[in-house]
Amino acid sequence: MPRAVAGPEIERLISLLARVPGLGPRSARRAALQLIKKREQLMGPLAAAMEDVLGKIATCRVCGNVDVRDPCSICTDDTRDPNLLVVVADVSDLWALERAGALNARYHVLGGTLSPLDGIGPDDLNLASLVGRVHEGAIKEVLLALGGTVDGQTTAHYVTDLLRESGVKVTRLAHGVPVGGELDYLDEGTLAAAIRARTSL
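Quick summary incoming for the structure in this document.

Among the five residues of strand S4 (residues 105-109), five are classified as buried, and the element is accordingly described as predominantly covered. In the sheet, strand S3 (residues 81-88) pairs with S4 via five bridges, with the strands oriented parallel. Counterpart to Val-86 in the pairing with S4 is Tyr-107. For the crossover that starts at S3, traverses helix H4 (residues 91-100) and ends in the parallel S4, the hand is right-handed.

This is the structure:
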C-alpha cells in the first residue's frame, strides 16, 4: 500500500475527488494539486459554491431533473413546447440534450434503465409518473432519448409498450447514436442530428 505523501486533510480531498466519475486516483491527485496551487482562484470559490448549493439541491417532483427549485427551471419555463415530452435515463442525458440546443421541450427522467442483471426492474424507475403525465392529455409526442446500450433499447421497448394504449406518438432518437454509447459522451452535433432524424417505433 502506498504511503501518504501529504497530511490527512489533503489525502481525504484526493480520496473524495477520486470518487467522482471520470477521475481515477492519478487524475484526483492532479486535480487536488491544481486546487491547492490555485486555492485563492479555484479552491475557495469552489468550496463556497459547493456549500451554497448543498442545502438547495432539489429533485423536481414533475420531471426528476436536479435543480435548486421544485418544480425545476425547465418545468416552469412557459416557452417550452408542452406537446413534446423527452424521456431520458438520467439527468446527465437531459443536460446533454440541452447543450445540443436542438429541442425546446419538456423532459422526464426515468432514473436509470431496465437492467435485469443489476436487479433494476420497472418498479425501480420513474415510470408511473410518466404514464400519469402522458394521460393528462397535453402531450402529443413522447421522444425516447435513451442510450444505444442493450439496457437502453430494452427500456425503450418497454416504455413503448407501456404507452401503446395512450394514443400518443412515440418516437426515438435516430441512428447516429452509436450502439453501446451513452448520451452524455456524444458531441452536440451528433445529438442534434439524431434528434432531427428521429423515427416512429
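Next comes the rest of the write-up.
Here we come to the side chain of Thr-149. One can find Thr-149 in the loop between strand S5 (141-144) and helix H6 (150-163). Non-local contacts of Thr-149, meaning those with residues more than four positions away in its chain, are made with Gly-180, Gly-181 and Glu-182.

Attention now goes to a nonpolar patch on the surface. There is a patch of nonpolar side chains on the surface, built from Val-53, Ile-57, Val-66, Val-68 and Trp-95 and spanning about 430 Å² of accessible area. Looking at the element boundaries, Ile-57 is found in the loop between helix H3 (39-54) and strand S1 (58-59). Taking the relative accessible area as the measure of exposure, Ile-57 reaches 49% and is therefore partly exposed.

The rules behind these values
Residues numbered from 1 in each chain as written. Predicted model: local features only at pLDDT ≥ 70, side-chain atom pairs only at ≥ 80, totals over all residues. Heavy atoms only, no water. Buried < 20%, exposed > 50% of the residue type's maximum accessible area, 1.4 Å probe, protein only. Helix = DSSP H or I, 4+ residues; strand = E, 2+ residues; numbered from the N terminus. Pairing = 2+ DSSP bridges. Right-handed = clockwise from strand over helix to strand, strands pointing away. Contact = heavy atoms within 4.5 Å. Patch = residues over 30% accessible without salt bridge, like charges linked within 9 Å, V, L, I, M, F, W, Y side chains within 5 Å. Areas by Shrake-Rupley, 256 points an atom, 1.4 Å probe, with all protein chains shown as cover. Salt bridge = Lys/Arg side-chain N within 4 Å of Asp/Glu carboxyl O.

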